[in-house]
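# A structural walkthrough
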Amino acid sequence: MAQTLSGKTVAILATDGVELIELNEPMKALKDAGAVVEIVSLKAGEFQGFDHLKPGDTVTADKAVAGVDASAYSALLLPGGVANPDLLRADADAVAFVRAFFDAGKPVAAICHAPWLLIEAGVVEGRRMTAFESIRTDLKNAGADVVDEEVVVDQGLVTSRCPDDIPAFNARMIEEFAEGPHAGQSA
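A few points on the structure. For clarity, every value in this text was computed on a predicted model and none was experimentally measured.

Criteria and thresholds
- Residues numbered from 1 in each chain as written.
- Predicted model: local features only at pLDDT ≥ 70, side-chain atom pairs only at ≥ 80, totals over all residues.
- Heavy atoms only, no water.
- Phe/Tyr/Trp six-rings, centres within 6.5 Å; stacked < 30°, edge-to-face > 60°.
- Helix = DSSP H or I, 4+ residues; strand = E, 2+ residues; numbered from the N terminus.
- Buried < 20%, exposed > 50% of the residue type's maximum accessible area, 1.4 Å probe, protein only.
- Lys NZ or Arg CZ within 6 Å of the ring centre and 35° of its normal.
- Pairing = 2+ DSSP bridges.
- Expected span 1.5 Å × (residues − 1).
- Contact = heavy atoms within 4.5 Å.
- Polar contact = N/O pair within 3.5 Å; in protein donor to acceptor, adjacent residues only side chain to side chain.

The subject of this paragraph is the packing of aromatic side chains. Going through the model one piece at a time under the given rule, you end up with two aromatic pairs. Ring geometry for Tyr73 versus Phe97: centroids 6.1 Å apart, planes at 85°, classification edge-to-face. Of this pair, Tyr73 sits in the loop between strand 6 (63-64) and strand 7 (75-78) while Phe97 sits in helix 3 (residues 92-103); the two residues are 24 residues apart in sequence, bridging distant segments of the chain. A relative accessible area of 4% places Phe97 in the buried class. Centre to centre, the rings of Phe97 and Phe101 are 5.1 Å apart; their planes meet at 85°, and the pair counts as edge-to-face. Taken as a pair, Phe97 and Phe101 lie in helix 3 at a separation of four residues, close to a single helical turn. The two residues Phe97 and Phe101 agree in class, both being buried. Aromatic ring contacts, followed pair by pair, group Tyr73, Phe97 and Phe101 into a single cluster. Sitting over the ring of Trp116, Arg89 keeps its end group 4.5 Å from the ring centre.

As structure tokens, this is what we get:
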């Protein structure tokens, strides 16, 4: 893969309950494209990853979200899992971190249940998006135009439904992250 993300640093925001395949495969794609990747969580150190509903490997966070400035990053990846975005959306620092990417027009990629965090950040109204089937009503209720497609791109926001969509998700994520800020991304 071409080093299309060389010189860019991407934050991955995740915590306990993250779906490992939705963290690991996009992270590998980002690194293969030349990005520097940092995992940001509720606290620095280890947290529990999951393989669907079964505990899997632990993940090590490089930094705690409370001490991180979104301006240090070019883009943001939000992996799914059920518990991961639910825990993150209850944390004011995590929500503010996500919101800061939209305020700066920076690209964001979210898969599966991760758009719950986008709802909490108040950035989905009027956006064309997709997500895991069980949260699509939440997105509609928050004002998003929700579709059932493997990957949707709307002005720097990339969304997908589930692990089966990862190849298409990764390709569009890298494309949008390489483009950089999008004027239409600002919430």
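Right, let's talk about the pairing of strand 3 (residues 36-41) for a bit. Within strand 3, five of the six residues are buried, which leaves it mostly tucked inside the rest of the structure. Pairing of strand 1 (residues 9-13) with strand 3, which is carried by five bridges, proceeds in the parallel orientation. When the bridges of strand 3 are listed, Thr9 appears paired with Val36.

With 14 residues, helix 6 (residues 166-179) ought to run about 20 Å at 1.5 Å a step, and its terminal C-alpha atoms sit 20 Å apart, in line with that. Where helix 6 is concerned, the buried positions are Ile166, Ala168, Phe169, Asn170, Met173, Ile174, Glu176 and Phe177. Looking at the packing, one finds that the buried side of helix 6 touches strand 1, helix 1 (20-32), strand 7, strand 8 (108-111), strand 11 (151-154) and strand 12 (157-160). Residue Gly180 follows helix 6 closely and has a positive phi angle near 85°.

Another point: helix 3. Over its 12 residues, helix 3 extends 16 Å from the first C-alpha to the last, a length consistent with the 16 Å expected when each residue adds 1.5 Å. One side-chain oxygen of the residue at the start of helix 3 lies 3.1 Å from the amide nitrogen of Asp93, identifying that residue as Asp91. Taken from the residues just after helix 3, Gly105 is the one with a positive phi, measuring 75°.

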